[in-house]
Amino acid sequence: MQIINPATEEVIQEIAEDSPEAIAKKFQLVKDGQSEWAAVPLEKRIACIEKFYALLDTEKEKLAETLTMEVGKPLQQSYNELNGARKRLEYFIKNSAKWLAEEWITEEDATREKIVYEPLGVIANISAWNYPYLVGVNVFVPALIGGNAVLYKPSEYAVLTGLHIQQLLYRSGIPENVFQVIIGKGPAGQALLELPLHGYFFTGSYRTGKYIAEHTASQLVPVQLELGGKDPLYVMDDVEDVEAVAAAALEGAVYNNGQSCCAVERIYVQEKIYNKFVDAFVANAKKLVIGDPLDKKTEIGPLSRKEQVAFLNQQLADAKANGARVLLGGNSAGGKGYFFPPTVVVDVSHKMKLMTEESFGPVIGIQKVKDDKEASELMRDTPYGLTAAVYSKSFERAEAVMKQMNTGTVYWNCCDRVSAGLPWSGRKNSGLGSTLSYHGIRAFVQPKAYHLRG
Ligand code: NAD
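What you see is a predicted model; the values in this text were computed from it and never measured.

**Student:** Account for the overall build of the chain, naming residues and giving values.
**Tutor:** What the chain contains, in helices and strands, is 14 helices and 22 strands. Compactness check: the chain gives a C-alpha radius of gyration of 23 Å against a globular reference of 22 Å for 454 residues, within 12% of the reference. Across its three principal axes, the chain shows a C-alpha extent of roughly 75 × 55 × 40 Å. Residues counted as buried form 57% of the 454 residues belonging to the chain. Expressed as a percentage of contacts within the chain between residues at least 6 apart in sequence, the contacts between residues at least 24 apart total 71%.

**Student:** Can you lay out the packing of helix α3 (residues 60-71) against helix α4 (residues 75-100) for me, pointing to particular residues and giving the numbers?
**Tutor:** When two helices pack together, their arrangement is captured by the angle between the axes and the distance separating the axes. Contact pair α3 / α4: the axes reach a minimum separation of 9 Å and the direction vectors enclose 120°. In terms of axis orientation, α3 runs oblique to α4. You can see that α3 and α4 cross each other, and the crossing is right-handed. Packed against α3, whose contacting residues are K60, E61, L63, A64, E65, L67 and T68, the element α4 presents L75, S78, Y79, E81 and L82 at the interface. Here the residues of the contact of α3 with α4 are counted per class, giving six nonpolar, two polar and four charged.

**Student:** Break down the domain arrangement of the chain for me, citing the residues and quoting the values.
**Tutor:** Domains assigned within the chain are domain 1 (2-227 + 430-453) and domain 2 (231-419). Just the C-alpha atoms count here: the centres of domain 1 and domain 2 sit 31 Å apart. Of the residues lining the interface, 26 residues belong to domain 1; the matching set on domain 2 comes to 29 residues. Both faces considered, domain 1 and domain 2 share a buried interface measuring about 2400 Å² in area, 56% of it formed by carbon and sulfur atoms. For domain 1, the biggest contributors to the area lost against domain 2 are E9, W129 and S430; these three give 23% of the whole. At the boundary of domain 1 and domain 2, one finds zero salt bridges. At the boundary of domain 1 with domain 2, the tally comes to 13 residue pairs in polar contact (both at pLDDT 80 or more). Looking at the side of domain 1 that touches domain 2, the elements that each hand over two or more residues are α3 and α4. Per element, the largest residue contribution to the side of domain 1 that touches domain 2 is six residues, and it comes from α4. Taken together, the residues of the side of domain 1 that touches domain 2 sort by class into 14 nonpolar, eight polar and four charged.

**Student:** Give a detailed account of the sheet that holds strand β20 (residues 431-432), specifying residues and quantitative values.
**Tutor:** Spatial strand order, β7-β6-β5-β8-β9-β20: six strands in an open sheet with mixed pairing. Edge positions in the open sheet fall to β7 (179-181) and β20, since each of these has one partner strand only. Pairing between strand β5 (residues 122-126) and strand β6 (residues 149-153): five bridges, direction parallel. Residue V122 lies in a different strand from β6, and its bridge partner there is A149. In the packing of helix α8 (residues 206-216) onto the sheet, the strands contacted are β5, β8 (200-203) and β9 (223-226), and the crossing angle to β8 comes to about 165°.

Rules of the game
- Residues numbered from 1 in each chain as written.
- Predicted model: local features only at pLDDT ≥ 70, side-chain atom pairs only at ≥ 80, totals over all residues.
- Heavy atoms only, no water.
- Helix = DSSP H or I, 4+ residues; strand = E, 2+ residues; numbered from the N terminus.
- Rg over C-alpha atoms; globule rule 2.2 N^0.38 Å.
- Buried < 20%, exposed > 50% of the residue type's maximum accessible area, 1.4 Å probe, protein only.
- Contact = heavy atoms within 4.5 Å.
- Axes fitted to C-alpha atoms, helices over the stretch in contact; angles between N-to-C directions.
- Parallel < 35°, antiparallel > 145°, perpendicular 65-115°, else oblique.
- Left-handed = near helix turned anticlockwise from the far one by under 90°.
- Nonpolar A, V, L, I, M, F, W, Y, C, P; charged D, E, K, R; others polar.
- Domains from an automatic or database assignment.
- Buried area = accessible area lost by both parts, 1.4 Å probe.
- Salt bridge = Lys/Arg side-chain N within 4 Å of Asp/Glu carboxyl O.
- Polar contact = N/O pair within 3.5 Å; in protein donor to acceptor, adjacent residues only side chain to side chain.
- Pairing = 2+ DSSP bridges.

Now the structure itself:
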């Protein structure tokens with residue numbers, strides 16, 4: 001398998017993929033190691049994650065550079081991702097003991113009752129490339145703390161980062177027979193589905209997620225899916241500072257080159273402030289620094305995957321054919337690297353794929369709306385259900401819209417944000433189950449009910 005730098009199209013490294021036989025061997029190894037790991041006291045398991053937390057900081061230069069080289073993420077954003085991952089680790093380090101402790105339901109009755117949380121066993125963590133540290137730690141950290149063994153399959157676009165993670169975990173005291181990286185593309189993930197694992201935790205596209213859920217259904221083990229989105233942002237006419245809201249919306253749309261599951265993917269603006277908003281949005285978008293992702297000043301690097309350039313061009317062609325106007329960007333620059341400029345499109349409608357299908361790039365449609373009712377209806381018109389954002393001076397008015405959203409997350413005067421203390425979950429085609437918060441600690445254990453007499 002070739003690891004290609006998306007900024008230069010050069011091969012960084014060639015690496016052997018794991019065969020199904022090699023994957024089965026890794027499974028046997030961690031299956032044998034899991035029960036010993038589960039017997040290690042919880043404080044010691046947490047202490048390993050504390051070491052991992054420290055190493056993510058001391059090794060950050062090397063880790064950030066590798067991440068930028070293999071996914072094209074601007075270097076500053078690679079540092080931000082590592083810092084974000086450490087914040088999530090802090091949450092798990094501080095809160096896991098509380099949520100994994102045994103719970104007494106009654107100690108007074110003749111039959112005493114308690115709940116004990118036991119690990120699931122060996123779980124698969126099949127992961128995406130866009131935030132390999134963030135979406136990885138959401139799964140393998142609480143899984144390891146909970147006493148599970150993990151077969152971690154990084155995306156084929158973030159393999160070197162996956163191998164760094166493995167090395168750092170081993171240096172932190174996680175035994176080799178408790179954590180193993182699986183190297184490869186789809187077929188390597190497929191090989192995991194054929195093994196008798198005790199849980200499948202997936203981050204990636206709706207298409208693959210649905211396939212995994214269907215393919216593993218007969219195993220009757222937990223399956224969690226963190227999938228894509230088409231997340232809307234609505235700006236009401238009472239916002240005090242239209243320019244500031246336009247700047248925030250732009251950042252939500254183009255951070256990580258728009259390749260975030262919770263990126264702002266479509267914007268609705270109330271007609272009274274529409275022109276002012278669009279002018280400010282375009283003016284800010286023009287200032288974005290595009291270029292070499294290893295340069296710390298760069299805000300927009302290349303897309304991570306080559307096919308994505310053609311995909312975005314197709315979405316734009318479809319929008320233009322249906323009457324949209326492109327105010328900025330629109331054409332990939334050509335030349336070396338998978339670059340695509342920030343692109344702002346108006347006169348859009350839900351007849352266009354740009355407003356209904358996940359773009360996963362720095363391309364955004366802005367639609368004018370009459371009132372909150374029309375905005376709500378358009379925001380809800382999607383098969384996805386990850387996040388929805390509302391900007392308004394009035395909490396009551398914003399809340400009325402937020403309550404109508406069938407999404408796992410809603411935002412008032414913010415967007416494109418994840419917090420370790422809150423559950424991260426998608427509804428409808430955006431996923432199943434939650435990571436982060438206490439829900440994301442309990443997701444990796446199973447309750448055992450004790451009925452005790454005598
Ligand atoms: P993808 O579905 O193409 O790949 C994800 C993983 O699945 C990869 O590791 C891949 O090798 C593996 N895979 C592919 N085919 C498989 C099969 N048949 N069996 C088992 N595994 C298989 O997704 P991607 O391009 O890596 O990620 C982008 C998508 O992820 C976007 O839709 C994005 O919105 C979503 N995402 C969601 C979240 C979230 O928290 N909800 C976070 C990050 C990314």
